[in-house]
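# Results of the structural survey
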Amino acid sequence: MSHLLLGLILTLWGPPGWCLEGPGFTFEGDIRHVALAANSVYVATEQRLYQLNHVLTLIWSLSQRGTLDSRAQREDAQFLRVSDAEKSNATFSVNILVPFTKNGSLISCGVTACGYCELRDLANISKLLHKENAHVGPQVRSSASVGFLVDVESSHTRTETYILTAIQQYEDPSKNGKCIADSEAVNLHDTINEPEKGIFSLTDDYYQRPQIERKGDAEFMDGFQINSTVYLFANLPSGSNGIKIRLLWFESKDGKTDTISSLRGATLQPSDGVEDAERSRLLACSVIPGGPPVLWSGVFSADGDTKLIVFDISPDHTLTTKMDPDFCIGKCKEDRQSQPKLLRPRAVLFRQSSMTSVLATRQKTWMVFFIGTRDGQVIKLSVDKAYQSICPRVIYRANDDRQILPKMHLDEVDRKHVYVAFRNEMIRVPVSQCNTHKTLKACWSAQDPYCGWCSTKKKCTFEDECPNSVWLSIPDDSHQQQMVSYHVKRSSDGQIALHVQAHLTVGGAQQLSNFACQFSINFGQLCTRQYSNPRLQCICSVSNHIHFTKDVGVTIKMRLGLEELREELKLTNCSDIRGTKTFSLCRQCIAAGCGWSNNGCSWATAGTMNDSVCEMSESGMNSSKPEITSIAPSVISFYGRNHVVLTGRNLGNVIRVRIQADMDCSPQESPVWNNTGVNLTFHVPGADKGLVKVCVVLPDGSCHGNATITYCSLPSCTGITPSSTWASGKRKITVIGSYLEFVEGVILSHAPTTVIPTSNNNFKNLTYNTPSAEHIHKTFTSAIYLKVANETIDCPTSITYYPNPEFISFTSTRTGDDLRVTIQKMADKLKMTTAELSAWAVHEGTQHPCIMEKIETSNDTEYVICEIQNTPNVEIQYLMINCGGKTVRLIHSTSYLFLLILLVLLLIPCIIVAVVIIYRNQQKKLTANMNKRLENLELDIRNDIRQGFVDLQTEKADLMENVGAIPFLDYKHFASRIFFPENEALMKSCLKDIGQDVLNVKPDESCQALSKLIQDQIFLTSMVHALEEQKTFTIKDKCTVASLLTVALHSNLSYLTEVMEALLKDLMQQNSNIQPKLLLRRTESTVEKLLTNWMSICLYGFLRECVGQHLFLMVSALTQQIAKGPVDCVTEKALYTLSEDWLLWQAQDFSSLKLKVLFAVGSDGEVSEPLEVNALSCDTVEQVKEKILSAFKAKFGFPYNTTLKDVRIEFEKDGSFVPLEEVDKSSEVIGEVTMLNTLKHYKVPDGASIKVISRNTHPLLSPQGSLKDDQDFSGKYFHLIDPNVDEDQRNNPERKKLKLKEVYLTKLLSTKVAVHSYVENLFGSIWGMLHCRAPPAVKYFFDFLDAQADNMKISDPDVLHIWKTNSLPLRFWVNILKNPQFVFDMEKTPQLECCLSVISQAFMDSFSLSEIQLGKYAPTNKLLYAKDIPKFKQEVKTYYKQVKDQPSITDSEFRDFLLEESKKHENEFNKASALRELYRFIQRYFTEIKQKLDQNGAPAELKEQLQHVKDRFDGQKSCSWN
């Protein structure tokens, strides 16, 4: 019922909106207001009202459309909301949106026809609590009005809450709305429904309306309450064109009247001069948390620039109330002459051209500002208590120029995200990305007050993520350039001291207890004495025996709790650093820990020890300083730009170009090339949007010149015209979008080369000529990408390639001296225009242009009409037509027809004679050819049979036995793959891994209660029986429950064994009357899957110690044997296999190749030593890559550092390297099917050199997508098996050789011979008896089966044999044989899988009691091991007898064994996750389980315990919902 109700409500209130990519939400209509309360975000747009949770997931959405009663007065018309499907005549336009947390309501006020307000449930906005027609806030849409709640202490010793509205004022009264309203500039409305006044009343207890009036324009920008003071900010006109920014204070006490009457005011002066101040306007603001004093930040605009300024806005109680020149209490009089107090800035923090919003937060002693911009960036600015800022960082950047709205909000739930609103969407931006910094130094270098190094976790975290540990963060006071700095000082008595300082703040729950330093040098002792202090400073008095004749290398180790910092430095005699006072000499001095002054380098006791002093030093070069006159282009996208030209003077010695942004404390430098002294070329790297400064760097490190580059948004593509082209290319295409002048090239998916656009590009249009595609003989579409710097941008529109236009013929008609030509053309979809065609007639070698007039269409023919002017004596011999890159020659249709008839008449007698002669010759040739083909066919079949015989007789076990370390999976990953083979998500959740959320791993109270409950055997068996009786409880559910129980009870294997035995006994009783031989044959019950899991747990040790090596050797031998012959890349069939169904009998001739493989190192062309790789001439490029990577791993013991799809190979041919591709222009095509390229196709010889390159070493390479990703891969491509097409479409005579499948059956036997010894060893290890004893679990379970057979009076020995076979070989060993990836870290190919299936079948046949009669038509997989099965059967019988004769294992011995297994693998599984998943089934079938407990007579305490578990889990869910 609840689901139905929810569906009806969502239907009524219309569509919910749609999510953005990433953590955001897009709204219907423009955003008007945003409000936050508890863990919800409320957004009012022009069309709807939304309620989202704190991660911006939709909870509710209401339409704001409705109807008004047209018969009522405008002020009294009732508004009724309607659904999206219904008609409406009004919209509720929200102007005030205020959450009233104390009474759980959301107040929204605005306009329908006139004033209208609603109170809605704060937890569920679909619930309407109250509505009325009331004027609260502005009557028209206003972006310069504010409304918020204020708490006022009334005279009745209680606190009243009012809505304070500050409404934008206009000097023109007609702009204030058409309705009659009692509101003034500042108002206080009630929020409590009192009978005498009603909600939203303006009157006080004495029925007066205390209000603030304003004559003239006023824009209210913000307002808030701190303690008992209310603050209000407004922009007011000043003079003719000036602005003054006013701050109003109110004291909220003793009711409305006293609050309004406490008005005091001040004027903010953002600039020093009065004229400059009056040009400033307040755009956005935010109060800074903390205080006193009350600090406030505002974004001010003036003269096209914006500034972020901090003011102290603490109220001045010495000012006289009620005396304000701009605002009046009640009605304004004319004699207001008082001047408000002037407030001047504490600090100007930041300047930028396009700030639009600001949010201020506090992190310890740091003030952190989040600044929004007009071009869609969010900048984070951290400022210390001295108002010194750390380098600003852009933490979000939109691809386009979307303006950020003035209000940003902090997510109060986690305080780690900021809500950023655009016109119709909102995103949630993290305040920091601490986890991206992987080392202490990187964490410190981020200079982020939110981030610190957690010593115990060894990672960069927020402070609240680092409990019970030392948290090392940046200093609280100022920005330092290095985490560890040092200075060398010399005292007056000549003693030299080395001072080392760690610039860190120690925070967290634990204090630093063991800070110490250790100084060491390569010889002797550095320090005569040393000491450290709690301020993380160490001082070393340098021994007098240390002589500074040369640099002394010093190693410093600093211990900070669990962390150790290591610094290498060189001590230098500061007095020895001498020379011309240049920039580089200054930097050398500062880097050595010395001080710099006007006198040069000295000891750190004198002079400045900061790099900034070096900027003042002049270059030591004698030549003239470089100058910059221009940079082209100087406006680029934030991806950067290649091949930028800088022009200037004296550029000959320039080695780099430095790019310094206002928000980038670390400038970027780019090398130069093509330096002529007057201009040079360089690459502009990517950066954030905005203006950057550019200078040129000389060899001494000094930088000269002053130019700028502007970074803008990325280009975007919205469409192309025309949308098609012809195959020969060179059709002019226009791309439509924005910022297209930044595009450096156009790339089409079918052509890897970049197309350079034409030069006449602009902001909205870009033109280019299409590349040709004549090698593709069909219609296709090609994706378009825009190349910007080294990045590509997708264009959503693709271009369609059609065949070239087909011109048929032409006719000409003379009109006076002009000749009118009509060209016939086949109709097509190209939509050509006359501008794209040109034609000219040829007469006696002279060309006469034909001027295009129009193109007409009739049925399937198009007529192109053109005219040749002023040609009275010209007759056209032929016509030349050009479109794009192709020219066509047409002969006049009349002369063409005459020549054709004449030619036919001459040819008829000749053809008759030729046919007779050819027929006789063909008869002779056909007979000879047939005889020849029969001889060749017989020879081919003989060769194939002989080759198969030779392979079989000469096959030897040359497979490599030394396979290196065996890649065993650890126990938990082995077990989880057995438990959950088809549910990867459940597999991962039930594993306990490093880095997993502690809350999800540690069992809570509800999980502990359930864990205790399933320890009761009566409950557990009753629960399993109750679940299995339900029709909706599928086999998949049974397996899941069994595996969840295995995980949950893994720490108590003894109890798990008891439960399994009880359930098995019940299953045997069910099957005893039907078919006892079918017991345990399939997994159709929970206990059968439980038995599989139990066997896997108990036999893991035996598997790893005794069987694992033999299994891995067999798998490796099979893999190597398969690789010796061809494998078809499309069908996955192989020449060497054990399965007839997977036998590649159609394969053509092939040869073995040894390739010398070179791996590219770096991006400068260096290569590694050659690696020898075996391949086949018939291998595809993809198969060669796989063999190279496999050989690399086998050679070096670790995989290559690049994945297969990112690897590209090249073949050395004639001194250069040719790329090898799966499909290219040279690929053979049969019909519509393309053959994959092989080494034979590229004519790669034996011993050839192959180079491997990757995106790691060559980042400009595009990712090499695999053709196998194509859904129609097998339909579009073929490899070794020909497609089903007509014979006349095949060009390769080798493929026409007749192949007989039966000839190649010997390959099955060859493969069997090659791996047979490994198979025998494997089988022997499985049924072998180590130390004459079977594994304890096998002996214990076989004895259990014997005992149950005795109890059930089963005397047939075959039944017992089948039970044991079904429980051990079938349930466990076959699963391992078929899936070696459960045991080893490896991949299972289709070829390997089919071979393992044949071996597994032979393994199970060895346990069969029936004798199989095989004839010549029997399956080959049965025939293959027919001679071996009797021998294996005898070994199995011996094995079963030895197990039975072995002394029984006692219960205590087996319990000890199980206890030891539990201890071995404790804490490897996430028990809490398994219990939560298990409860899902209990919850689903709760009633049925309870009924089963009643049927089984379970004690009342057990049922109460079950109910207690349900209450615990339900309470937990309810809590999470709330």
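Here the structure is a predicted model, which means the values were calculated and not measured.

Before going further, it helps to spend a moment on the overall build of the chain. Helix and strand counts for the chain come out as 27 helices and 79 strands. Here the chain holds 1522 residues, and the buried ones make up 50% of them. Considering only contacts in the chain between residues 6 or more positions apart, those separated by 24 or more positions represent 61%. Summed over all atoms, the accessible surface of the chain reaches about 75,000 Å², with 50% contributed by carbon and sulfur.

Attention now moves to the nonpolar core. In this structure, Phe-974, Phe-1019, Trp-1094, Trp-1363 and Phe-1403 are the most contacted members of the largest nonpolar core, which totals 137 residues. Excluding residues within four positions of it along the chain, Phe-974 makes contact with Leu-969, Ser-1096, Tyr-1100, Leu-1103, Phe-1372, Ile-1376, Phe-1382 and Val-1383. Cys-451, Ile-474, Cys-540 and Val-613 belong to the second largest nonpolar core, which has 71 residues in total.

This next bit is on helix 21 (residues 1390-1405). For helix 21, with 16 residues, the first-to-last C-alpha span of 23 Å sits near the 22 Å given by 1.5 Å per residue. Burial runs high along helix 21: twelve of the 16 residues are buried. Every buried residue of helix 21 is listed here: Gln-1391, Leu-1392, Cys-1394, Cys-1395, Leu-1396, Val-1398, Ile-1399, Ser-1400, Ala-1402, Phe-1403, Met-1404 and Asp-1405. Structurally, helix 21 contributes buried residues whose contacts are with helix 14 (1086-1123), helix 17 (1306-1326), helix 19 (1357-1367), helix 20 (1369-1378), helix 22 (1420-1424) and helix 23 (1429-1445).

The next subject is a nonpolar patch on the surface. The grouping of Leu-900, Val-904, Ile-908 and Ile-912 at the surface amounts to a nonpolar patch, some 340 Å² of accessible area in total. In this fold, Ile-912 is placed in helix 6 (residues 893-954).

Strand pairs in the sheet, formed through backbone hydrogen bonds, run parallel or antiparallel to each other. Read from one edge to the other, the open sheet built from five strands follows the order 57-63-62-59-60, with strand pairing classed as mixed. In this open sheet, the two edge strands, each paired with only one partner strand, are strand 57 (724-726) and strand 60 (751-755). For this sheet, the mean inter-axis angle between neighbouring strands, taken without regard to orientation, is 35 degrees. Pairing of strand 59 (residues 745-748) with strand 62 (residues 780-788), which is carried by four bridges, proceeds in the antiparallel orientation.

A few words now on helix 5 (residues 583-591). Along helix 5, the positions that sit buried rather than exposed are Phe-583, Leu-585, Cys-586, Cys-589 and Ile-590. Buried residues of helix 5, seen end-on, are gathered within an arc of 165 degrees and therefore sit on one face of the element. At its buried positions, helix 5 is contacted by strand 46 (595-597) and strand 47 (600-602).

All chains considered together, the criterion is met by 52 aromatic pairs. Here Phe-224 and Phe-233 contribute two aromatic rings whose centre-to-centre distance is 5.9 Å and whose plane-to-plane angle is 35 degrees, an arrangement assigned as tilted. In this pair, the class of Phe-224 matches that of Phe-233, namely buried. On the numbers, 4.8 Å between centres and 65 degrees between planes, the contact of Tyr-739 with Phe-763 is edge-to-face.

The subject of this paragraph is the confidence of the model for the chain. Note that predicted coordinates carrying low pLDDT should not be read in detail. Per-residue confidence for the chain gives a mean pLDDT of 85, with 89% of residues at or over 70. A low-confidence stretch, residues 1-22 (pLDDT under 50), is modelled with 33 contacts involving residues beyond four sequence positions or located in other chains. Considering only residues more than four positions removed or in separate chains, one finds that residues 1286-1291, a stretch of pLDDT under 50, has eight contacts.

Within this structure, the stated rule accounts for 60 salt bridges. Put simply, Glu-627 and Arg-649 hold a salt bridge, and the shortest N to O gap is 2.6 Å. Of this pair, Glu-627 sits in strand 48 (residues 627-632) while Arg-649 sits in strand 50 (residues 641-649), placing them 22 residues apart in sequence. The class for Arg-649 is partly exposed, based on a relative accessible area of 48%.

Calculation rules
- Residues numbered from 1 in each chain as written.
- Predicted model: local features only at pLDDT ≥ 70, side-chain atom pairs only at ≥ 80, totals over all residues.
- Heavy atoms only, no water.
- Helix = DSSP H or I, 4+ residues; strand = E, 2+ residues; numbered from the N terminus.
- Buried < 20%, exposed > 50% of the residue type's maximum accessible area, 1.4 Å probe, protein only.
- Contact = heavy atoms within 4.5 Å.
- Areas by Shrake-Rupley, 256 points an atom, 1.4 Å probe, with all protein chains shown as cover.
- Core = buried A, V, L, I, M, F, W, Y, C linked by side-chain atoms within 4.5 Å.
- Expected span 1.5 Å × (residues − 1).
- Patch = residues over 30% accessible without salt bridge, like charges linked within 9 Å, V, L, I, M, F, W, Y side chains within 5 Å.
- Salt bridge = Lys/Arg side-chain N within 4 Å of Asp/Glu carboxyl O.
- Pairing = 2+ DSSP bridges.
- Axes fitted to C-alpha atoms, helices over the stretch in contact; angles between N-to-C directions.
- Arc of directions from axis to C-beta.
- Phe/Tyr/Trp six-rings, centres within 6.5 Å; stacked < 30°, edge-to-face > 60°.
- pLDDT = per-residue confidence, 0-100.

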